[in-house]
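Take a look at the letters that make up each chain.
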Amino acid sequence: MEWEAVIGLEIHVQLLTKSKIFSGASTAYGALPNTQACAIDLGMPGTLPVLNREAVRMAVKFGLAVNAEIAKRSVFARKNYFYPDLPKGYQISQYELPIVRGGYLTIRVDGRERRIGITRAHLEEDAGKSLHEDFHGLTGIDLNRAGTPLLEIVSEPDLRSPKEALAYMKALHQLVVYLGICDGNLQEGSFRCDANVSVRPKGEIKFGTRTEIKNVNSFRFVERALSYEIARQIEILEAGGQIVQETRLYDADLDQTRSMRSKEEAMDYRYFPDPDLLPLVLDQAFIEAVRQELPELPEAKYRRFCEQYGLKPYDAEVLTASSALADYYERVVQDSACDPKLCANWVMVELIGALNKENREITQSPVSAPQLAKLMQRIADGTLSGKLGKQVFELMWQTGKDVDALIEEEGFKQITDQGAIEQVIDQVLASHPKEIADYRAGKEKLFGFFVGQVMKATAGKANPQQVNALLKAKLKSQ
Amino acid sequence: MALSVEEVTRIAYLARIGIGSEEAARYVKDLSDILAFVAQMNAVDTSEVEPMAHPLDLPQRLREDAVTEHNKRELFQSIAPQVEAGLYLVPKVIE
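Residues numbered from 1 in each chain as written. Chains lettered and ligands numbered in written order. Predicted model: local features only at pLDDT ≥ 70, side-chain atom pairs only at ≥ 80, totals over all residues. Heavy atoms only, no water.

K.L.:
Looking at this structure, how should I read the overall build of chain A?
P.N.:
The helix and strand inventory of chain A stands at 15 helices and 18 strands. For chain A, the C-alpha radius of gyration of 30 Å lies well beyond 23 Å, the compact-globule estimate for 478 residues. Taking the principal axes of its C-alpha atoms as reference, chain A extends roughly 95 × 55 × 50 Å. Counting all 478 residues of chain A, 51% fall into the buried class. Intrachain contacts of chain A at a sequence separation of at least 6 include 69% that bridge at least 24 residues. Surface summary for chain A: the accessible area is close to 22,600 Å², and the carbon and sulfur share equals 50%. (Helix = DSSP H or I, 4+ residues; strand = E, 2+ residues; numbered from the N terminus. Rg over C-alpha atoms; globule rule 2.2 N^0.38 Å. Buried < 20%, exposed > 50% of the residue type's maximum accessible area, 1.4 Å probe, protein only. Contact = heavy atoms within 4.5 Å. Areas by Shrake-Rupley, 256 points an atom, 1.4 Å probe, with all protein chains shown as cover.)

K.L.:
Explain the domain arrangement of chain A to me, please; I cannot follow it from the model alone.
P.N.:
By a widespread convention, an interface's size corresponds to the accessible area lost as its parts come together. When the domains of chain A are assigned, the result is domain 1 (3–290), domain 2 (296–410) and domain 3 (418–477). When each unit is reduced to the centre of its C-alpha atoms, the spacing between domain 2 of chain A and domain 3 of chain A is 33 Å. (Domains from an automatic or database assignment.)

K.L.:
I would appreciate a short explanation of the nonpolar core in the present structure.
P.N.:
Soluble globular proteins tend to bury their nonpolar side chains together. Residues and elements named next belong to chain A. With 69 residues, the main nonpolar core has Leu 9, Val 60, Phe 62, Leu 123 and Tyr 168 as its most contacted residues. For this core, the leading source of residues is helix α2 (residues 162–178), giving nine residues. Sequence-distant contacts of Leu 123, defined by excluding residues within four places in its chain, comprise Leu 15, Ile 21, Ala 55, Val 56, Ala 59, Phe 76, Ser 93, Gln 94, Ile 99, Leu 150 and Leu 151. (Core = buried A, V, L, I, M, F, W, Y, C linked by side-chain atoms within 4.5 Å.)

K.L.:
I'm lost on the interface of chain A and chain B in this one. Help?
P.N.:
In this assembly, 56 residues from chain A lie in contact with 40 residues from chain B. Here chain A meets chain B over a buried area of about 4,200 Å², counting both sides, of which 59% is carbon and sulfur. Counting the contacts that link chain A with chain B gives three salt bridges. A salt bridge links Glu 64 of chain B to Arg 53 of chain A; the nearest nitrogen and oxygen atoms lie 2.9 Å apart. Across the chain A-chain B interface, the total number found is 23 residue pairs in polar contact (both at pLDDT 80 or more). Elements that contribute at least two residues to the side of chain A that touches chain B include exactly β2 (51–52), α1 (53–65), β11 (138–142) and β18 (280–281) of chain A. (Buried area = accessible area lost by both parts, 1.4 Å probe. Salt bridge = Lys/Arg side-chain N within 4 Å of Asp/Glu carboxyl O. Polar contact = N/O pair within 3.5 Å; in protein donor to acceptor, adjacent residues only side chain to side chain.)

K.L.:
What is the right way to read the packing of α1 of chain A against helix α4 (residues 284–293) of chain A from this model?
P.N.:
Helix-helix packing is described using two parameters, namely the angle between the two axes and the distance between the axes. Residues and elements named next belong to chain A. α4 packs onto α1 with a crossing angle of 70 degrees between their chain directions and a minimal axis gap of 9 Å. On the basis of their axis angle, the class for α1 and α4 is roughly perpendicular. The handedness of the crossing between α1 and α4 comes out as right-handed. Each of Arg 53, Val 56, Arg 57, Val 60, Lys 61 and Leu 64 in α1 lies in contact with α4, whose residues at this interface are Phe 286, Ile 287, Val 290, Arg 291 and Glu 293. Considered class by class, the residues forming the contact of α1 with α4 number six nonpolar, no polar and five charged. (Axes fitted to C-alpha atoms, helices over the stretch in contact; angles between N-to-C directions. Parallel < 35°, antiparallel > 145°, perpendicular 65-115°, else oblique. Left-handed = near helix turned anticlockwise from the far one by under 90°. Nonpolar A, V, L, I, M, F, W, Y, C, P; charged D, E, K, R; others polar.)

K.L.:
Explanation requested: the pattern of salt bridges in the structure shown.
P.N.:
Residues and elements named next belong to chain A. According to the stated counting rule, one finds 42 salt bridges over all chains in the structure shown. For the salt bridge of Glu 2 with Lys 202, the shortest nitrogen-to-oxygen distance reads 4.0 Å. Of the two residues, Glu 2 is situated in the segment before β1 (3–14) and Lys 202 in the loop between β13 (191–201) and β14 (211–214); the sequence distance between them amounts to 200 residues. Here Glu 2 falls in the exposed class, since its relative accessible area comes to 54%. One salt bridge in this structure joins Glu 246 and Arg 248, with 2.6 Å as the shortest N-O distance. You can call Arg 248 buried: its relative accessible area is 7%. Beyond isolated ion pairs, a larger network of salt bridges with shared partners links Arg 108, Glu 113, Glu 299, Arg 303 and Glu 317.

K.L.:
In this structure, what is going on with unusual backbone geometry? I would like to understand it.
P.N.:
Leaving glycine out, the prevailing phi sign among residues is negative, and the prevailing peptide bond configuration is trans. Look at Asp 110 of chain A: it is not a glycine, yet its phi comes out positive at around 50 degrees. Mapped onto the fold, Asp 110 of chain A is located in the loop between β8 (104–109) and β9 (112–125). Residues other than glycine seldom take positive phi values, yet Arg 16 of chain B does so here, at roughly 55 degrees. Relative to the helices and strands, Arg 16 of chain B is located in the loop between α1 (5–14) and α2 (21–42).

K.L.:
Any chance you could explain the pairing of strand β3 (residues 87–91) of chain B here in plain terms?
P.N.:
Looking along a regular strand, one sees side chains alternate from face to face of the sheet. Burial within β3 of chain B is extensive, with four of its five residues counted as buried. Taken together, the four bridges between β11 of chain A and β3 of chain B define a ladder with antiparallel strand orientation. Within the sheet, the bridge partner assigned to Leu 138 of chain A lies in β3 of chain B and is Pro 91 of chain B. (Pairing = 2+ DSSP bridges.)

K.L.:
Is there a simple way to explain a nonpolar patch on the surface in this structure?
P.N.:
Taken together, the side chains of Ile 34, Phe 37, Val 38 and Met 41 of chain B make up a nonpolar region of the molecular surface, amounting to roughly 370 Å² of accessible area. Judged by relative accessible area, which is 32%, Val 38 of chain B ranks as partly exposed. (Patch = residues over 30% accessible without salt bridge, like charges linked within 9 Å, V, L, I, M, F, W, Y side chains within 5 Å.)

K.L.:
Whenever I open this one, the packing of helix α13 (residues 433–440) of chain A against helix α14 (residues 446–457) of chain A confuses me. Can you help?
P.N.:
All names here are of chain A. Two elements in contact, α13 and α14, have axes separated by 9 Å at closest approach and are oriented at 145 degrees. Once α13 is placed against α14, the crossing between them reads as left-handed. Along the contact surface, α13 presents Glu 435, Ile 436, Asp 438 and Tyr 439, while α14 presents Leu 446, Phe 447, Phe 449 and Phe 450. Taken together, the residues that form the contact of α13 with α14 break down as six nonpolar, no polar and two charged.

K.L.:
Please explain the sheet that holds strand β6 (residues 90–94) of chain A as it appears in this structure.
P.N.:
Paired through their backbone hydrogen bonds, the strands of a sheet run either parallel or antiparallel. All names here are of chain A. With antiparallel pairing, the three strands of this open sheet are ordered in space as β6-β5-β17. Two strands lie at the open edges of the sheet, namely β6 and β17 (272–273), each paired on one side alone. Judged from the five bridges that link them, strand β5 (residues 76–80) and β6 form a sheet pairing that is antiparallel. Of the residues in β6, the one forming a bridge with Arg 78 is Ile 92.

K.L.:
Help me understand the sheet that holds strand β10 (residues 129–131) of chain A in this model?
P.N.:
With antiparallel pairing, the four strands of this open sheet are ordered in space as β10(A)-β11(A)-β3(B)-β2(B). Among the strands making up the open sheet, the edge pair consists of β10 of chain A together with β2 (83–84) of chain B. Bridge count between β10 of chain A and β11 of chain A: three bridges; the pairing is antiparallel. Looking across to β11 of chain A, one finds that Lys 129 of chain A is bridged to Asp 142 of chain A.

K.L.:
How should I be thinking about the environment of Thr 211 of chain A in this particular structure?
P.N.:
Residues and elements named next belong to chain A. Locating Thr 211 in the fold gives a position in strand β14. Taking the relative accessible area as the measure of exposure, Thr 211 reaches 1% and is therefore buried. C-alpha of Thr 211 to C-alpha of Asn 463: the two residues are 252 residues apart in sequence and 63 Å apart in space. If we skip the residues at most four places from it in the chain, Thr 211 touches Ala 195, Asn 196, Val 197, Glu 229, Arg 232, Gln 233, Ile 243, Val 244, Glu 246 and Arg 248. Of note is the side chain of Thr 211, whose polar atom sits 2.8 Å from the side chain of Glu 229.

This is how it looks when you write it as structure tokens:
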């Protein structure tokens, strides 16, 4: 039987505020344990939460970016459960009336576009961290993270393959970083993903029983975890078994999911409106002000790059991966006034290659966009061949110097003087009489050998087009 | 609507309140009475009424995003039963 997977993702995005969602404690990462946990975060009696305007603004920004409805009135609720890293015994979240409802995100997989529905996005506070090792049988609690603002974004069960799930996760990550509402740091837990997955016979409309996979917190693992889980479910169903609705944990080392220790009783969070917080009411002016702040979104930028610069879809996708990279590319094109495709190749191959090799971000590039633009011009005007350009780029990368200074200092200028090139060709031909004979006898492949010798003799500086033309003429005439 | 002893025991467990079987019987009655009262109110047609999230008819005030609280760990931990390396220590919750 042919099976179809049905996947929905719940992604927790840590909002990039300075202070916590309900208190004035810092949200900076990496502080000493409990030095950023104030009385409100600790759930001390007599304290009251006060909502952070910036967290609200960021949630609205996200909602507008995915064409969702922004709730003019939303309500905070208590989600009740007991765990030591949750000091109050409840998490303040939103339940029936979230701030963002509906919306969608466009993903592209294998050249095919799909709109993935977003059910809702709500504001909530994060819990602290539990450390289970090294405390002689006790658990250590660090509450610095308690109260950090989160936006939980819930997708519709619209995803049909692990590949689509990965594409959605990446698109959402790209969007929240573009919006400047999240630093996107997966290692530090700023972007966390849980996946709901079920399978059903292809063509079936009803959903199968789903399982939830917790903490698929890397792009590398989301595809693998889902592939494993889908195969596991299909195997059970094909053997005539049934799927148990449960929470499972992905173990990256073993590349498999396993059932989390079943709780003695199913969770019942007993949500109710938090009496400490009044309904959040937003007026149209607030929403419009946020709309004004929206940057060009990844999807729009991608389409513009395809049209305006005539880029291939793949190239446009790579160059719009982050707004910093897109800005860099556009600066190179504008400053150089060179062919956008030539610029795209240099940014994608040389620049990104060099950045990746040293594990740097585009913002840390030793070669600035105006500098790369100058290099583009020197290639376009024939001063440098593509090959020489690469050597110059490497030197620019290492020294931070401008292209013209390096051409001057290192004598990189391309040799375009016909007399000089002819002289070299004559020398090369004079010292290879046997090869000439072979070439004339029909071994035409040797043409490449002669070109190579000429380039070698000029340290790669001879203009390749001229070398080709002159060599051809000489070999014919001699 | 009458609650069962099992339901009351479960509610008590979820709230982490330890109650004995005698108390459970009393709570069955008390809580069932409350629910009966709720059922009486449910008889009123409220389909046109927006649910009330808060008794105060005011919107939530927002604060500016600024760090105003500073490290008072020592003060807070002075009343904690057990601390180590800046962490609050609690009985182990997972095996």
